[in-house]
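Here's the letter readout for the chains.
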Amino acid sequence: MPNFRESIDAVNAAFMTAFAEGDASEVAKTYADDGQALPPNGDVVTGHAALKEMWQGVMSLGIKEATVESVEVEQLGNHAYEVGKYTMVAANNLVFDKGKYVIVWKRLPSGEWRWYRDIWNSSMPPASA
């Protein structure tokens, strides 16, 4: 079985690949069954079906790529936290959004790691009203 950091990197890579392929169902599998996303300017999103719908909505905005870059990761028993930076690129190759995130990870009974709580916010200036 891969070590903790290899597992985290593999799940993050799977997220980025699934997003680039436009596969919201696979993106949702990045999360634990009881996983939640806490998106900016929105309600808490819970469970794979709702997470799939949320990410499909993001993709439908014309976002073709989402990358995550770990800055800090620490394991705390069956949970871990990750602090990082993200970038979302639109179909025209322009940066749609970039910012920072915190993910709380959960080790499943199988030993696999999945996103448990996922929150992010932009580092870009707000659009003018």
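Values in this document were obtained by computation on a predicted structure and should not be read as measured data.

**Considerations on the layout of surface pockets**
When its volume is computed, the largest pocket comes out at roughly 340 Å³. What lines the largest pocket is a set of 15 residues, and nearest its centre among them are P40, V58, F96, D97 and W120. Taken together, the elements giving at least two residues each to the lining of the largest pocket come down to helix 3 (48–60), strand 4 (79–90), strand 5 (95–107) and strand 6 (113–122). Examining the composition of the lining of the largest pocket, we find that three residues originate from one element, strand 6, more than from any other. Tallied by class, the residues present in the lining of the largest pocket amount to ten nonpolar, four polar and one charged.

**Some details on the nonpolar core**
Counting residues in hydrophobic clusters, the biggest one holds 29 residues, and the most contacted among them are F15, F19, M54, W55 and W105. For this core, the secondary-structure elements that each account for two or more residues are helix 1 (4–20), helix 2 (24–28), strand 1 (31–38), helix 3, strand 3 (63–76), strand 4, strand 5 and strand 6. When residues of this core are assigned to their parent elements, the largest contribution, six residues, is made by helix 1.

**Concerning the packing of helix 1 against helix 3**
Look at helix 1 against helix 3: their axes get within 11 Å of each other, and the N-to-C directions meet at 55°. Classified by the angle between their axes, helix 1 and helix 3 sit oblique to one another. Contact with helix 1, carried on its side by F15, A18 and F19, involves W55, V58 and M59 of helix 3 and no other residues of that element. The residue inventory of the contact of helix 1 with helix 3, partitioned by class, reads six nonpolar, no polar and no charged.

**Considering the side chain of D97**
Tracing the chain through its elements places D97 in strand 5. K100 is the oppositely charged side chain nearest to the buried, salt-bridge-free D97, at an N-O distance of 8.4 Å. Here the side chain of D97 touches S122 through a polar contact of 2.6 Å, side chain to side chain. What D97 contacts, discounting residues up to four positions off in sequence, is Y86, T87, M88, S122 and M124.

Reading the values: rules and limits
Residues numbered from 1 in each chain as written. Predicted model: local features only at pLDDT ≥ 70, side-chain atom pairs only at ≥ 80, totals over all residues. Heavy atoms only, no water. 1 Å grid on protein atoms, 1.4 Å probe; cavity = no way out; pocket = protein on both sides within 12 Å on 5 of 7 lines; lining within 4 Å. Points joined across faces, edges and corners; volume = space filled by probe spheres on them. Helix = DSSP H or I, 4+ residues; strand = E, 2+ residues; numbered from the N terminus. Nonpolar A, V, L, I, M, F, W, Y, C, P; charged D, E, K, R; others polar. Core = buried A, V, L, I, M, F, W, Y, C linked by side-chain atoms within 4.5 Å. Buried < 20%, exposed > 50% of the residue type's maximum accessible area, 1.4 Å probe, protein only. Axes fitted to C-alpha atoms, helices over the stretch in contact; angles between N-to-C directions. Parallel < 35°, antiparallel > 145°, perpendicular 65-115°, else oblique. Contact = heavy atoms within 4.5 Å. Lys, Arg positive; Asp, Glu negative; His and termini not counted. Salt bridge = Lys/Arg side-chain N within 4 Å of Asp/Glu carboxyl O. Polar contact = N/O pair within 3.5 Å; in protein donor to acceptor, adjacent residues only side chain to side chain.

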